[in-house]
Each structure stands twice: as structure tokens, then as C-alpha cells.
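Summary of structural features
Residues per chain, in single letters:
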Amino acid sequence: MREKHTVFFEPPDTAVWRFAGDISEAEMRELTSLEKSFIAGRPYLLKLVDLSRIGSVSAGARKAGAEKVHDVPVLGVAVFGAHFAIRVLADLVVRAGSFIRRIDTVPTRYFATEAEARAWLAERRAVIATEKQS
């Protein structure tokens with residue numbers, strides 16, 4: 001049986017995306033819809049994205065990933081486990097999404113391990129908290 005792609009929420013502010021194998025447009029739309037359902041009303045969102053087991057990404061999935069699906073500002077994306085070609089593709093999707101939504105580019109960083117990615121998200125969270133107090 002094929003592993004499924006997943007997205008779930010980790011309090012206080014993080015959507016965790018895990019990809020396993022090839023991803024289609026329909027699957028990407030299902031995941032973005034699920035994310036939208038559990039982040040409604042939140043002041044901001046951070047994303048942790050596991051690309052260590054991703055396969056090919058269809059053109060439709062890339063397009064769906066760049067579309068605006070919610071109004072919650074994404075203030076940081078930490079990607080881990082991606083080989084070079086996937087990092088380039090992910091960066092293009094992030095930039096396209098920022099352009100389409102007419103927002104500043106979302107701070108996005110790439111890491112070898114999940115621990116490194118989570119450490120950076122913790123740093124982002126601290127920066128966000130400091131900015132909110134100013």
C-alpha cells in the first residue's frame with residue numbers, strides 16, 4: 001500500500017506537511033483544503049515541510065501549491081530532506097505564490113534534518129513574538 005501525503009497542525013502555530021511519493025493536483029488541493037480547515041482564525045502560520053520521500057510533482061500540483069487558499073499570513077517555511085532539484089522546484093513555487101498573492105516573499109529555509117528545521121522555526125517564532133511586542 002502506498003504511503004499517503006499528510007498535513008496536520010501542531011500547536012501553537014505550525015502546519016506540518018509530509019510528502020510520500022508522486023503528488024498530483026488533486027492531492028495537493030486536498031491537502032491545502034485540509035490545512036485551511038485547521039488554521040482558520042489564527043493570527044499567523046509557520047510551515048514545516050518534509051520532502052525527504054517526495055517523488056515527482058505534477059504541473060497541476062505546483063500550480064495548486066502556489067495558489068492562495070487562505071488569508072492567514074505564512075511567516076516562515078522550513079523545508080527539510082529535499083535534494084537539489086526539489087529545492088529549486090519548491091523555491092519556484094514559493095516565489096510564484098508570493099507573486100500571485102502580491103505579498104512579500106515568505107522567509108523560506110532548507111535544512112538537511114527535521115531537527116534543524118524545527119530549530120529555525122523556533123527562532124522565527126521568537127522573532128515574531130518580539131515584533132508583536134514592539
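A few points on the structure. (Residues numbered from 1 in each chain as written. Predicted model: local features only at pLDDT ≥ 70, side-chain atom pairs only at ≥ 80, totals over all residues. Heavy atoms only, no water.)

1. Focus: the pairing of strand β3 (residues 45-57)
Our working definition: What makes two strands pair is DSSP finding at least two bridges between them. A helix here means a DSSP run of H or I that spans at least four residues, while a strand means a run of E at least two residues long, and both kinds are numbered starting from the N terminus. The definition of a right-handed crossover adopted here requires that, viewed with the strands pointing away, the path from the first strand over the helix to the second runs clockwise.
Judged from the eight bridges that link them, strand β2 (residues 14-23) and β3 form a sheet pairing that is parallel. Residue pairing in the sheet places V16 in a bridge with L48 of β3. Note that the unit made of β2, helix α1 (residues 25-39) and β3 has a crossover that is right-handed. Bridge analysis of β3 against strand β4 (residues 74-80) gives six bridges, and the strand direction is parallel. Bridge pairing in β4 links D50 to F80. Tracing the backbone out of β3, into helix α2 (residues 59-66) and back to the parallel element β4 gives a crossover that is right-handed.

2. Some details on the nonpolar core
Heads up, the rule is: Residues belong to a common nonpolar core when they are buried Ala, Val, Leu, Ile, Met, Phe, Trp, Tyr or Cys residues joined through side-chain atoms within 4.5 Å. Residue burial is assigned from relative accessible area. The probe radius is 1.4 Å, only protein chains are included, and a residue is buried under 20% of its type maximum, exposed over 50%, and partly exposed in between. Working rule for contacts: check all heavy atoms of both residues, and any pair within 4.5 Å makes them a contact.
Counting residues in each nonpolar core, the largest one holds 25 residues, and the members touching the most others are W17, F19, I23 and L51. Only β1 (6-10), β2, α1, β3, α2, β4 and α3 (84-101) provide two or more residues apiece to this core. Other than its neighbours up to four places away in sequence, I23 contacts H5, M28, L31, I54, S56, V57, S58 and A61.

3. Things to note about the pattern of salt bridges
Definition in use: Salt bridge, as used here: a side-chain nitrogen of Lys or Arg that lies within 4 Å of a carboxyl oxygen of Asp or Glu.
A full pass over the atoms with the stated rule returns eight salt bridges. With its nearest N and O atoms 2.8 Å apart, the salt bridge here joins R125 to D13. With R125 in helix α4 (residues 114-133) and D13 in the loop between β1 and β2, the pair connects residues that are 112 residues apart, well separated along the chain. The partner of R118 in a salt bridge is E114, and the shortest N-O contact between them spans 3.0 Å. Of this pair, R118 and E114 both sit in helix α4, four residues apart, roughly one helical turn.

4. Things to note about the side chain of T32
Within the secondary structure, T32 is located in helix α1. Here T32 falls in the buried class, since its relative accessible area comes to 10%. Apart from residues no more than four positions distant in its own chain, T32 is found in contact with W17, A64 and V69.

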